[in-house]
Amino acid sequence: MSGIAYIDNQAFEIKDGETILSFIKRNSGEDIVPTLCDAPNLEPYGACRVCSVDVSLKADGPMKAQASCHTPVTAGSYIFPSTKRIEKLRKNIIELVLTDHPLDCLTCEVNNNCELQEVAAKVGIRDVRYPAGKNHLDKKKDLSHPYMTSDFSKCINCARCVRACDEVQGQFVLSMAGRGFDSHIIKGMNTTFDESACVSCGACAQACPTSAISDVFESKSIVPQKKVRTVCTYCGVGCNLDVAVSDDTVKSIQAPFDAEVNQGHTCLKGRYAFSFYNHPDRLKEPMIKKDGKFVEVSWDEVYDFIANKFTEIKTKFGPDYIAGISSARCTNEENYLMQKFMRVVIGTNNIDSCARVCHSPTALGMQRTFGTGAATNSVVDLNYTDCMMVIGANPTASHPVTGAKMKQVAMKGKTLIIIDPRKTELTKYAQFHLQLRPGTNAAVLNMMLYYIIQEGLEDKKFIESRTEGYDEFRKEILNLDIAELEKVSSVDRNLVREAAIAYASAGNAMSFHGLGVTEHSQGTFTVMLIADLAMITGNIGRRGVGVNPLRGQNNVQGAADMGCQPYQGAGYYDLKDPEVIQKYELFYKNPFPKQVGYKIPEMYDASLNDKLKAVWIIGEDLVQTDPNTHHVRKALEKLDLLIVQELFMSETAKMAHVILPGASFLEKSGTFTNGERRIQRVNKAVEPVGNTKAD
Ligand SMILES: Nc1nc2c(c(=O)[nH]1)N[C@H]1C(S)=C(S)[C@@H](COP(=O)(O)OP(=O)(O)OC[C@H]3O[C@@H](n4cnc5c(=O)[nH]c(N)nc54)[C@H](O)[C@@H]3O)O[C@H]1N2
Ligand SMILES: Nc1nc2c(c(=O)[nH]1)N[C@H]1C(S)=C(S)[C@@H](COP(=O)(O)OP(=O)(O)OC[C@H]3O[C@@H](n4cnc5c(=O)[nH]c(N)nc54)[C@H](O)[C@@H]3O)O[C@H]1N2
Ligand SMILES: [Mo]
């Protein structure tokens with residue numbers, strides 16, 4: 001709290017860092033003051049001045065009009081948001097803005113979703129007294145891009161697009177050129193969207209209050225019949241999406257500002273890559289392969305077929321001759337049911353998911369060191385960190401919304417350490433790039449530990465109170481042959497030392513890791529070393545620190561939480577423990593399988609050794625994504641029954657005996673758990689296409 005100020009003579013407490021606008025919004029309501037150049041996800045700018053309010057420093061003192069969006073609120077000031085004088089001023093401002101815009105704006109029906117028109121109506125403008133400015137004349141439309149168009153005849157120079165590109169995506173494609181009446185927006189060195197360095201995140205199109213920049217999908221020109229809030233399916237970031245729907249068809253996608261995960265941002269995939277859901281190639285009917293050809297059948301027929309086959313195999317061979325593979329693309333509810341079906345209906349722990357080829361070393365490494373295998377912090381913690389260490393991950397490509405946030409933090413001057421054989425985009429912003437030989441993470445991390453100990457930069461208090469076995473660990477590390485590690489990794493020891501010192505002496509340091517750690521043979525041990533680094537420097541257990549695996553698929557965290565693993569049931573209970581089995585039996589009121597099941601690679605071996613006869617796969621394209629394709633194909637070919645539940649005729653689906661057509665995330669409801677362990681609601685936007693069903 002930093003004092004008191006008055007709104008229309010009523011006293012309110014000021015919060016630290018508040019502008020006059022945020023102070024009014026918090027105390028008197030969101031809609032009291034009209035704004036135009038201001039946007040919830042951008043820094044205050046103060047260009048249009050529509051948000052002006054009257055301010056006096058004394059109860060009856062002289063008033064001064066001040067742009068509220070970027071003026072800090074002063075203790076003891078008297079604010080009047082809507083005096084006659086101010087209302088007149090706002091009207092005049094909008095009138096002048098409108099002269100830079102096609103004059104039919106006020107009657108334009110196409111743009112009935114236009115923010116400028118809304119503000120004009122709000123301040124009470126019916127016509128414009130001034131002659132048209134020249135800014136909007138002679139502007140060519142830019143139709144070069146598949147997702148975004150620009151028509152700068154509609155531009156009012158509010159610079160929201162420029163700021164979105166700078167402050168949200170950090171791409172710096174748009175800028176303002178010219179002076180005075182000639183001021184205008186340019187892309188790159190005055191080129192088109194397509195030729196510029198634009199990454200198509202669409203933040204500018206979303207930010208534009210007119211339709212000077214808009215989605216090709218015409219989101220602004222048609223008011224949708226409904227908007228549905230849901231969660232993106234592409235990666236573990238878990239961006240919230242506002243899906244605009246008319247006539248049971250997705251029209252466009254925008255990013256909600258009030259979503260904590262993505263605050264008005266998405267990447268191009270989340271915003272624009274949705275038309276797969278009603279693509280002609282979607283699988284729309286259940287099918288059974290007869291004489292080598294898929295034949296469409298009814299759901300009842302396919303259910304009977306599967307039930308009979310499962311019963312036959314279970315009776316003849318036993319339940320462990322059947323296995324399931326669940327999908328990290330699917331909801332928690334679907335994953336929970338799949339593992340329950342395998343365990344309770346079939347009676348086997350043969351259930352696994354895609355984490356096997358992705359982050360299972362993270363889960364194991366973190367379980368061993370911390371007791372639980374998931375991110376220790378949230379992505380918003382980037383706002384509280386002083387140092388980011390990114391090891392074996394390429395977030396600006398694979399987790400673009402998180403990657404863009406990291407860029408912003410690095411540009412604010414926070415330390416960035418990249419450990420990667422390649423020059424990823426983030427290395428441009430990094431102080432340290434440890435360009436190691438692939439497969440040598442353990443060497444580099446051991447060197448870092450060595451230098452931290454040698455420099456006496458350990459957090460002794462943390463080590464004493466929160467860790468075990470440190471003395472032994474210390475001795476081992478100090479015995480390492482640095483020359484050998486330097487040779488193995490080919491990273492200069494002085495560079496490693498400096499990076500280690502930067503990490504250890506930063507107030508708060510966060511680490512992020514990805515496939516460059518987990519997909520190598522020493523993945524689990526590397527994750528443990530990353531955890532060790534956090535522990536010896538005390539970078540765990542508060543905001544802005546921690547070990548943060550960049551989990552891959554949208555619900556890979558959830559699939560594991562729900563128990564889609566052969567050795568742990570729902571809630572991570574260890575299936576080697578007889579007490580756990582008893583607990584599950586009580587809960588499910590049913591016998592529970594007594595031995596752990598096959599992991600995916602063990603399923604292949606089992607099939608080739610006649611120990612597995614049937615596999616039911618939901619949403620995973622093993623033939624395309626698992627290593628050693630020939631081996632995978634051979635193993636799947638050998639099965640008596642392969643059921644594939646899919647959106648598309650994937651390489652794996654082609655091999656199936658039975659196809660179950662699944663509904664995509666846009667067509668069903670449930671929850672996804674993102675990489676931070678945030679459980680978020682998925683809501684059905686459109687009805688499932690064809691004869692498909694939620695998994
Ligand atoms: N749109 C979309 N986004 C996705 C997905 C998708 O299907 N669609 N998939 C998601 C999934 S499942 C995942 S797992 C993530 C993957 O996302 P990331 O974990 O970021 O994986 P990569 O993008 O492959 O980046 C791995 C990095 O590791 C580096 N590397 C390779 N070997 C080594 C090494 O030995 N040591 C170190 N230190 N680095 C090394 C590589 O050069 C590369 O820069 O992406 C997710 N994002
Ligand atoms: N060559 C290659 N191999 C890889 C990787 C790579 O980058 N390149 N990455 C590795 C990693 S990290 C991972 S996580 C794995 C991922 O391996 P997969 O999980 O096989 O990867 P995806 O291609 O995402 O396949 C998911 C399948 O689910 C389907 N699907 C999507 N949504 C739904 C749904 O709601 N219901 C149903 N029933 N199906 C759905 C999609 O059509 C798609 O065929 O691949 C690993 N292998
Ligand atoms: Mo992954």
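Computed from a prediction, not measured in an experiment: that's the story for all the values here. (Residues numbered from 1 in each chain as written. Chains lettered and ligands numbered in written order. Predicted model: local features only at pLDDT ≥ 70, side-chain atom pairs only at ≥ 80, totals over all residues. Heavy atoms only, no water.)

Details of the overall build of the chain
- When helices and strands are tallied, the chain shows 24 helices and 26 strands.
- Taking 2.2 N^0.38 as the reference for a compact globule, 695 residues should give roughly 26 Å; the C-alpha atoms of the chain span a radius of gyration of 29 Å, in line with that estimate.
- For the chain, the spread of C-alpha atoms along the principal axes amounts to about 90 × 70 × 50 Å.
- Sequence separation of 24 or more characterises 68% of the internal contacts of the chain that already satisfy a separation of 6 or more.
- Of the accessible surface of the chain, which amounts to about 30600 Å², a share of 51% is contributed by carbon and sulfur atoms.
- Distance between charge centroids for the chain: 2 Å, based on 79 positive and 83 negative side chains. (Helix = DSSP H or I, 4+ residues; strand = E, 2+ residues; numbered from the N terminus. Rg over C-alpha atoms; globule rule 2.2 N^0.38 Å. Contact = heavy atoms within 4.5 Å. Areas by Shrake-Rupley, 256 points an atom, 1.4 Å probe, with all protein chains shown as cover. Lys, Arg positive; Asp, Glu negative; His and termini not counted. Charge placed at Lys NZ, Arg CZ, Asp CG, Glu CD.)

Thoughts on the sheet that holds strand β14 (residues 293–296)
- Taken in spatial order, the seven strands line up as β14-β13-β24-β23-β22-β15-β16 in an open sheet, and their pairing is mixed. Edge strands, defined here as strands with exactly one partner in the open sheet, are β14 and β16 (351–352).
- Here strand β15 (residues 322–325) runs beside strand β22 (residues 614–618); their pairing, made up of four bridges, is parallel. In the sheet register, I322 faces β22, and the bridge partner there is A614.
- Packed onto the sheet, helix α7 (residues 299–317) meets β13 (287–290), β15, β22, β23 (641–646) and β24 (658–661) and runs at close to 130° relative to β24.
- Seen against the sheet, helix α21 (residues 600–608) touches β15 and β16 and runs at an angle of roughly 150° to β15. (Pairing = 2+ DSSP bridges. Axes fitted to C-alpha atoms, helices over the stretch in contact; angles between N-to-C directions.)

Notes on helix α2 (residues 84–99)
- Between the first and last C-alpha of α2 there are 23 Å, a value that for 16 residues agrees with the 22 Å anticipated at 1.5 Å per step.
- Looking at α2, one finds that the buried residues are I86, R90, I93, I94, E95, V97, L98 and T99.
- Where the residues of α2 are buried, they touch β3 (52–56), β4 (64–67) and α3 (115–123). (Expected span 1.5 Å × (residues − 1). Buried < 20%, exposed > 50% of the residue type's maximum accessible area, 1.4 Å probe, protein only.)

Considering empty space enclosed by the protein
- Throughout the structure, instances matching the rule amount to eight cavities of 30 Å³ or more.
- In this model, the largest cavity occupies a volume close to 130 Å³.
- Residue lining of the largest cavity: 16 residues in total, with V379, P549, L550, G675 and E676 positioned closest to the centre.
- Here the lining of the largest cavity is composed, by residue class, of six nonpolar, eight polar and two charged.
- Taken as a whole, the second largest cavity encloses approximately 100 Å³ of empty space.
- As for the second largest cavity, its lining consists of 15 residues, of which C165, C198, V199, C201 and C204 are closest to the centre.
- Breaking the lining of the second largest cavity down by element, the ones donating at least two residues are α4 (160–169) and α5 (203–207).
- The dominant element in the lining of the second largest cavity, judged by the number of residues it contributes, is α4, at three residues. (1 Å grid on protein atoms, 1.4 Å probe; cavity = no way out; pocket = protein on both sides within 12 Å on 5 of 7 lines; lining within 4 Å. Points joined across faces, edges and corners; volume = space filled by probe spheres on them. Nonpolar A, V, L, I, M, F, W, Y, C, P; charged D, E, K, R; others polar.)

Here's the deal with the site of ligand 1
- Near ligand 1 lie 26 residues; those nearest to it are N394, S398, D420, G439 and N441.
- In this structure, N394 approaches ligand 1 through a main-chain N or O atom, which is 2.8 Å from an oxygen atom.
- Within the backbone of L515, an N or O atom sits 2.9 Å from an oxygen atom of ligand 1.
- Alone, ligand 1 offers 920 Å² of accessible surface; in the complex the protein occludes 80% of this.
- Per-class residue counts for the shell around ligand 1 are ten nonpolar, twelve polar and four charged. (Near = heavy atom within 4 Å. Polar contact = N/O pair within 3.5 Å; in protein donor to acceptor, adjacent residues only side chain to side chain.)

Quick word on the sheet that holds strand β12 (residues 249–254)
- Taken together, the three strands give an open sheet; going across it, the order is β10-β11-β12, and neighbouring strands pair in antiparallel fashion. At either end of the open sheet lies a strand with only one pairing partner, and these are β10 (226–231) and β12. Here the average twist between neighbouring strands, direction ignored, is 35°.
- Note: strand β11 (residues 240–246) against β12, five bridges, orientation antiparallel. Within the sheet, the bridge partner assigned to V243 lies in β12 and is I253.

Focus: the packing of α2 against α3
- For the pair α2 and α3, the least separation of the axes is 9 Å and the interaxial angle reads 145°. Crossing of α2 over α3 shows left-handed handedness. On α3, the residues that touch R90, K91, I94, V97 and L98 of α2 are L116, V119, A120 and V123.
- Looking at the contact of α2 with α3, its residues break down into seven nonpolar, no polar and two charged. (Left-handed = near helix turned anticlockwise from the far one by under 90°.)

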